[in-house]
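Spelled out from the first residue to the last, the chains are:
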Amino acid sequence: MPSVLVGFRFHPTDEELISYFLYKKNNVGTMAEVPSMATYNFNKIMPELDLYGDVEPWQIWETYGGLELYDQDMFFFTQHKTVNPDGLRIHRKVGSGGTWSEGEPGKLILDPKHKQKPIGQKRKFRYENKGSDHNGSWYLEEYSLLSTNSANYVLCRLRQNIKTGKKRKEILLCQESSALPMTYIPVGFRFHPTDQELISYFLYNKLTEEASLYIYKNIVREFDLFGTTEPWEIWDMYGGHELCNQNLFFFTKLKKASLNGSRILRKIGSSGTWSETDASKLIKDEELQKHIGRRRKLRYESKCSKHHGHWYLDEYSLLDSKSDYVICRLRKNDKSPLPLSEWNGNKRKYSALCQESKEKQKLLSVTKKKLMRKQSNVMMNITNNKNNNLSDPIDQTKRMEPCTKFKLFGVEIGSNF
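Residues numbered from 1 in each chain as written. Predicted model: local features only at pLDDT ≥ 70, side-chain atom pairs only at ≥ 80, totals over all residues. Heavy atoms only, no water.

This part covers the overall build of the chain. Secondary structure assignment for the chain yields six helices and 23 strands. Residues counted as buried form 39% of the 417 residues belonging to the chain. Considering only residue pairs separated by 6 or more positions, the chain has 62% of its internal contacts joining residues 24 or more positions apart. Surface summary for the chain: the accessible area is close to 25,200 Å², and the carbon and sulfur share equals 50%. (Helix = DSSP H or I, 4+ residues; strand = E, 2+ residues; numbered from the N terminus. Buried < 20%, exposed > 50% of the residue type's maximum accessible area, 1.4 Å probe, protein only. Contact = heavy atoms within 4.5 Å. Areas by Shrake-Rupley, 256 points an atom, 1.4 Å probe, with all protein chains shown as cover.)

Pasting the structure below:
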């Protein structure tokens, strides 16, 4: 039996970051309920570092192992610096010429138990440095306590903007951050396995050494995902509605459309189908440098159901395996055009509402771009006017005085404003 838990990574909630880690760091006490055995040395995961100093964000990322992370952020305790010793304004410069600029108003974080009681604040910043290739490529989320005199530290989440930054590498199975002692799960850790782990560890051991997966019996369950049970019923049955930033995982068997055929039957529930959305992807073992399995992305489709398009299934299979077993990740589509509450039993009306919502979102996006372009043009006009005024031969001080006379090229001219 393995001595580590595979697939668990540090994915804390906002409430955990404040009510447990930040309270503990500032010696305020711990508000969160923590299991007696869930003690863990978090110094490697949440070190203390000056994030408003001379070191660039990408240098911090590389120094503390950010390049080895998969689907994770980096966390640091840091202390604020004021612009003036007696002032309140916070100094947020970083590196040689960068600044952490706030993008939106701060958000209050509520007590997990008493939802009406705020316990801290979360603020979002973006790295800005117009002269750097990293401009806009880094984000910083800053967590702070409320009304606490002893709160010297804030807790920050540093993450890379994947859209503009480099793509992260997949973590190897033997990396320390993916393996935890099997006796407990520390605060903030959740089951976030990589594609490689799902195939090379979980699916492979299911077929060869099933006893080794006993510790995961309540994490990766066995269920028929191509049967008569609807996806939302499976989700509720196994506590999906109680999960935070997690998915459900199942072992299931593929069903063939005919005994001697190769076509797979992927029907579910009373009228639904798991339809493939993209071409399948080969999964590579980074250590062995060879392909070990395949991942298919499927979407729930049933035109007569309000759940149409609201559920996704990632199906993982071993290459060159004669077994019908696969491992699947069931997840909710939180980006659906309309919430399920809009369903009124009329599929045509619901489809029309979905289409109308998509068109509204598209219109808002176009309007926003036009507004930004207009604001940019206004700023350019203002700048051009300033430049023109500076080159104007008329004395600027005299132009500001109403009803005065001044000479222009030797000719006396009256000015009426």
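Considering all chains together, one arrives at 23 aromatic pairs under this definition. Relative to Tyr-127, the ring of Trp-100 has its centre 5.9 Å away and its plane inclined at 70 degrees; by these criteria the two rings are edge-to-face. Pair noted here: Trp-100 is in strand β5 (residues 98-102) and Tyr-127 is in strand β7 (residues 118-128), with a separation of 27 residues, a long-range link. Look at Trp-100 and you get buried, because its relative accessible area is 4%. Note on Tyr-127: relative accessible area 0%, which makes it buried. Here a set of aromatic residues connected by ring pairs shows up, and it is made of Phe-8, Phe-191, Tyr-201, Phe-202, Tyr-216 and Phe-249. Here the basic side chain of Lys-25 rests over the ring of Phe-77, its NZ or CZ set 5.2 Å away from the ring centre. In this arrangement the basic side chain of Lys-25 is found over the ring face of Tyr-153, its NZ or CZ atom lying 4.8 Å from the centre. (Phe/Tyr/Trp six-rings, centres within 6.5 Å; stacked < 30°, edge-to-face > 60°. Lys NZ or Arg CZ within 6 Å of the ring centre and 35° of its normal.)

Turning our eyes to something else, we now look at helix α1 (residues 14-25). Compared with the 16 Å implied by 1.5 Å per residue over 12 residues, the 15 Å span of α1 between its first and last C-alpha is a close match. Where α1 is concerned, the buried positions are Asp-14, Glu-16, Leu-17, Ile-18, Ser-19, Tyr-20, Phe-21, Leu-22 and Tyr-23. Following α1 by one or two positions, Asn-27 adopts a phi angle in the positive range, close to 55 degrees. (Expected span 1.5 Å × (residues − 1).)

Once that is clear, we can look at the pairing of strand β3 (residues 74-79). Where burial is concerned, most of β3 is hidden: five out of the six residues are buried. Across six bridges, the pairing between β3 and strand β9 (residues 153-160) is antiparallel. Each residue of the ladder has a partner; that of Gln-79, found in β9, is Tyr-153. (Pairing = 2+ DSSP bridges.)

Looking now at the pattern of salt bridges. Summed over all chains, the structure comprises 23 salt bridges. Measuring nitrogen to oxygen at the nearest pair gives 2.9 Å for the salt bridge that ties Glu-197 to Arg-9. Here Glu-197 is found in helix α3 (residues 195-208), whereas its partner Arg-9 is found in strand β2 (residues 8-10), with 188 residues between them in sequence. Given a relative accessible area of 0%, Glu-197 falls into the buried group. Put simply, Glu-48 and Lys-25 hold a salt bridge, and the shortest N to O gap is 3.2 Å. Of the two residues, Glu-48 sits in the loop between α1 and α2 (57-63) while Lys-25 sits in helix α1, which places them 23 residues apart along the sequence. By relative accessible area, Glu-48 is classed as partly exposed at 42%. We classify Lys-25 as partly exposed; its relative accessible area is 28%. Here the salt bridges share partners, and the residues they tie into one network are Asp-14, Asp-73, Lys-122, Glu-141, Arg-157 and Arg-159. (Salt bridge = Lys/Arg side-chain N within 4 Å of Asp/Glu carboxyl O.)

With that settled, the discussion passes to the pairing of β5. In terms of strand pairing, strand β4 (residues 93-94) meets β5 through two bridges, oriented antiparallel. Note that in β5 the partner of Val-94 across the bridge is Gly-98. A loop of three residues connects β4 with β5, the two strands running antiparallel in sequence, and Gly-95 in this loop sits at a positive phi of about 70 degrees. As defined by bridge partners, β5 adjoins β7 across four bridges and the pair is classed as antiparallel. Across the sheet, residue Trp-100 finds its bridge partner in β7, namely Tyr-127.

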